[in-house]
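Observations on the model geometry
Letter by letter, the chains look like this.
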2 protein chains.
Amino acid sequence: MVRSRLNIGIIGIGNIGLEVFKQLISNSQLSELFSIESVLVRDIKKYTNIISKDIGFENKVDIALEKLTDSEDKFFSNNNIDVIIELIGGLEPAYSFVKRALEYKKHVVTANKDLIATHIEELIKLSKKNNVKLRFEGSVGAGIPIIEVLSDMLKQNQIQKITGIINGTSNYILSSMFENSSNFENVLKEAQELGFAESDPTNDVEGFDAKFKIDILGSIAFGSRIPLKTVYVKGISEISNKDMNYAREFGYNIKLLAITERKPEGIYSSVSPALVSLAQPMSKVGGNYNAVEILGDLVGNLWIQGEGAGKNSTSSAVLGDLMGIYYGSNDDINLSKGREKYLTREEIILKNYIRLSVEDKYGVLSEISGIFSNNEISIASVIQKDIDNSSGVVDLVIMTHDSKGINFDTAIDSVSKISSVKEKPIIIRIND
Amino acid sequence: MVRSRLNIGIIGIGNIGLEVFKQLISNSQLSELFSIESVLVRDIKKYTNIISKDIGFENKVDIALEKLTDSEDKFFSNNNIDVIIELIGGLEPAYSFVKRALEYKKHVVTANKDLIATHIEELIKLSKKNNVKLRFEGSVGAGIPIIEVLSDMLKQNQIQKITGIINGTSNYILSSMFENSSNFENVLKEAQELGFAESDPTNDVEGFDAKFKIDILGSIAFGSRIPLKTVYVKGISEISNKDMNYAREFGYNIKLLAITERKPEGIYSSVSPALVSLAQPMSKVGGNYNAVEILGDLVGNLWIQGEGAGKNSTSSAVLGDLMGIYYGSNDDINLSKGREKYLTREEIILKNYIRLSVEDKYGVLSEISGIFSNNEISIASVIQKDIDNSSGVVDLVIMTHDSKGINFDTAIDSVSKISSVKEKPIIIRIND
């Protein structure tokens, strides 16, 4: 079957947009299938400079420059555009642009996780209503083909659980803390200097970025939209050098895990630091890598790992989405399974690591273990560590067996009130 | 869009066929899309018993039994069949059956690696000519979605290299040798008792199974058929306990690696044991797992790991292929890029591990290192190990730097002829 070329409209020529732009005009496989019709930018003069300087395909640049426009009306009403690629990120104006594109019956490709996580249901409905495709492979794990694996290739499976390391910045920080015994603040600073963390790192280190991503994956896997507010989120900024060292001593690493899981009582989704056994491959995912483990009833454990960020990897996803639109593909995402019960952390049974700073005197451990036992929490191990100062305060590190969230919270609440307990307890989930 | 159900014809009700059969009649998502029209078996009575006993969906079994036929003519000329699933394995009669199915304009799903590796070009042509789909996700890595990742999701990438552990039996054996310091023969026997190795394990342990699989992956990745005879193959039966221990001492594991790689001078494909650094994730792929690492120009390193065998995982691939045919998908495999140059091991530059049994006397090491140096091979390290007997023979373990295959072979040939060298040298590639 001979198909005609698809005409592309691009919104935004940043880091990724520029790479996509370059690939579309320089890769012969792609330029046979696609041609750039128009590029919507805020400031034509600025982007003229960027494109002239950075692209460097002399004879093609002039043609490219003619395509720049700063008129939204001209851009969206251009009847020649078949597909719009949105690469400006964030909620607005991306949300308005994507809605407008779908309403004008353009296919849409985006790598915008904030947008998709926030409006996935509405945007998918809108795309179906207008009989166009909405694809967003790059919104989770950049070039790692995780969305299509879930929405297409594992359709025949009942997905039971997804566990992921899907935020590169926090994984870089935690990996560096583990490998170099550095503390959070120093590693964050270093990561910022190397460009691996943003100047305001909140989104990454507090788990909000991973929350968007796991919400997208869970919604696709379970066939119904997981409300963002049901995702429990805790970041890594509380994790100290000490915790990393104790974890190592017990045979663990600490990773920011995003998890979504179908339990008999409902779906539980969370982003939080977790102790991961050094025997598990998840503990070895280093540096900027992302990894996702999928448990399906037929396929068993499937593991996908790759470069979860960067302009090359993200442009691989964006261009792959374009190819999927060109050739047609089996990636229909259905969120119509209806509302599920969403579990809170209080309802969930977990093992936990607790680090307490306590006065070094008789009876403290007995009081604390009494509280745990009163709340039906059994302790798997305790170690007490002298700190090298004369404050008379020691670290007490406790690992629990399985316990219910509500019981655990009650116990921690009581423990915090003991006068010998000197600081806010540090609590980290233990991943089974 | 409302599509009508697809009618399925199944050839073969073995382990996997039975699981596919069960899923098709018991999984409501699948039974909405597909119905079993006919099952071709050799002996109706035998399969009547199997199905009655093993399926156990009482009310559905009677209906299922009516579908059994031992008449090939009736089966292939049945106009109601839309898709034929071939699950008998091996070359014949599978090859004739699949050709006949395609000629009768039926879509075909198979998990038969021997068949696909041997006839991929002809069968793809035949399917295109008859305007039907031929899908074979299960032929490599069972449920791991590697074929579709290469043929669909990474289309926009130039694939540079694929490295895989894609034979479960040999990986089970090598992992067990590494972990338990057992020898090859004992572990093989144990694997056979546990059902992880066949009574004739040749195909698995001599690398023929992995050869078929890497040939399929390479052909898809590079867009042109890799002739099977250009794939260098060496199995694991020569690997001893000793080699595993020396490897560990040097910081390596030994794995059966299947590799296909585009080098500037051509494509090189091989299956052979390799020393893999314990720092590489490939060294940690244990037990029955399969893992494939893909290097693409945009996506970078992508890693997929999962259960590479078994009826559940394989049926996930087969049912996924069915879904792909139902919904239509972007998995067109193009082998038309034309012939490439295929490199031989002699032309390739590699690092090697060599274990020699030599008489423990002066001058031997000097003679051997002289031969290496004359052949432009530089030695990275040598260790000499006394063996605990009085034979006066010691192990000499040599690790080389990069050297060209032809030079290396010439050197080994000369070394073998030294009278102090007592056994055939053991040679294992070192994976970079």
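Residues numbered from 1 in each chain as written. Chains lettered and ligands numbered in written order. Predicted model: local features only at pLDDT ≥ 70, side-chain atom pairs only at ≥ 80, totals over all residues.

1. Brief notes about unusual backbone geometry
Residues and elements named next belong to chain A. Between Glu92 and the following residue, Pro93, the backbone shows a cis peptide bond with an omega angle of 5 degrees. The topology assignment puts Pro93 in the loop between β4 (83-86) and α6 (94-103). Residue Ser181 is not a glycine yet carries a positive backbone phi of 50 degrees. Within the element layout of this structure, Ser181 appears in the loop between α9 (168-180) and α10 (184-193). We classify Ser181 as exposed; it has 11 C-beta atoms within 10 Å. (Helix = DSSP H or I, 4+ residues; strand = E, 2+ residues; numbered from the N terminus. Buried ≥ 20, exposed ≤ 12 C-beta atoms within 10 Å, placed from the backbone.)

2. Digging into the nonpolar core
One finds Ile10, Ile85 and Ile173 of chain A together with Ile10, Ile85 and Ile173 of chain B to be the most contacted residues of the largest nonpolar core, which totals 263 residues. Those residues in contact with Ile173 of chain A, other than ones at most four positions away along the chain, are Phe184, Val187, Leu188, Ala191, Val205 and Ile236 of chain A. (Core = buried A, V, L, I, M, F, W, Y, C linked by C-beta atoms within 7 Å. Contact = placed C-beta atoms within 7 Å.)

3. Details of the environment of Asp297 of chain B
All names here are of chain B. Here Asp297 is to be found in the loop between β11 (289-296) and β12 (300-307). You can call Asp297 partly exposed: it has 14 C-beta atoms within 10 Å. Here the alpha-carbon distance between Asp297 and Pro425, two residues 128 residues apart in the chain, equals 38 Å. Other than its neighbours up to four places away in sequence, Asp297 contacts Asn157, Gln158 and Gln160.

4. Side note on the domain arrangement of chain A
Residue and element names in this part refer to chain A. Partitioning chain A into structural domains gives domain 1 (6-135), domain 2 (146-308) and domain 3 (346-430). At the level of elements, α13 (241-249) and β10 (266-277) are the ones that each hand at least two residues to the side of domain 2 that touches domain 3. For the side of domain 2 that touches domain 3, the leading source of residues is β10, giving five residues. Of the residues assigned to the side of domain 2 that touches domain 3, the class counts are seven nonpolar, one polar and three charged. (Domains from an automatic or database assignment. Nonpolar A, V, L, I, M, F, W, Y, C, P; charged D, E, K, R; others polar.)

5. Brief notes about the relation of the copies chain A and chain B
Taken as rigid bodies, chain A and chain B are interconverted by a rotation of 180 degrees and an axial shift of 0.1 Å, the fit giving an RMSD of 0.1 Å. Classification of the inter-copy transformation places it as that of a two-fold axis. Both copies contact each other with a shared surface, as 100% of the interface residues of chain A are interface residues in chain B too. (Least-squares fit on C-alpha atoms with pLDDT ≥ 70 in both.)

6. As for the interface of chain A and chain B
With 37 residues of chain A at the interface, the matching set in chain B holds 37 residues. Contributions of two or more residues to the side of chain A that touches chain B are made by α8 (146-153), β12 (300-307) and α14 (311-327) of chain A. Residue composition of the side of chain A that touches chain B, grouped by class: 14 nonpolar, 17 polar and six charged. Sheet topology places β12 of chain A next to β12 of chain B; four bridges connect them, and they run antiparallel. (Pairing = 2+ DSSP bridges.)

7. Some remarks on the sheet that holds strand β6 (residues 134-135) of chain A
Each strand in a sheet pairs with its neighbour through backbone hydrogen bonds, running either in the same direction (parallel) or in the opposite one (antiparallel). All names here are of chain A. Strand order in the open sheet formed by six strands is β3-β2-β1-β4-β5-β6, with parallel pairing between adjacent strands. Two strands lie at the open edges of the sheet, namely β3 (68-69) and β6, each paired on one side alone. As paired elements, strand β1 (residues 6-11) and strand β2 (residues 34-40) share six bridges and run parallel to each other. Of the residues in β2, the one forming a bridge with Leu6 is Phe34. Its contacts with the sheet place α14 against β1, β2, β4, β5 (107-110) and β6, and it is angled at close to 160 degrees to β5. (Axes fitted to C-alpha atoms, helices over the stretch in contact; angles between N-to-C directions.)

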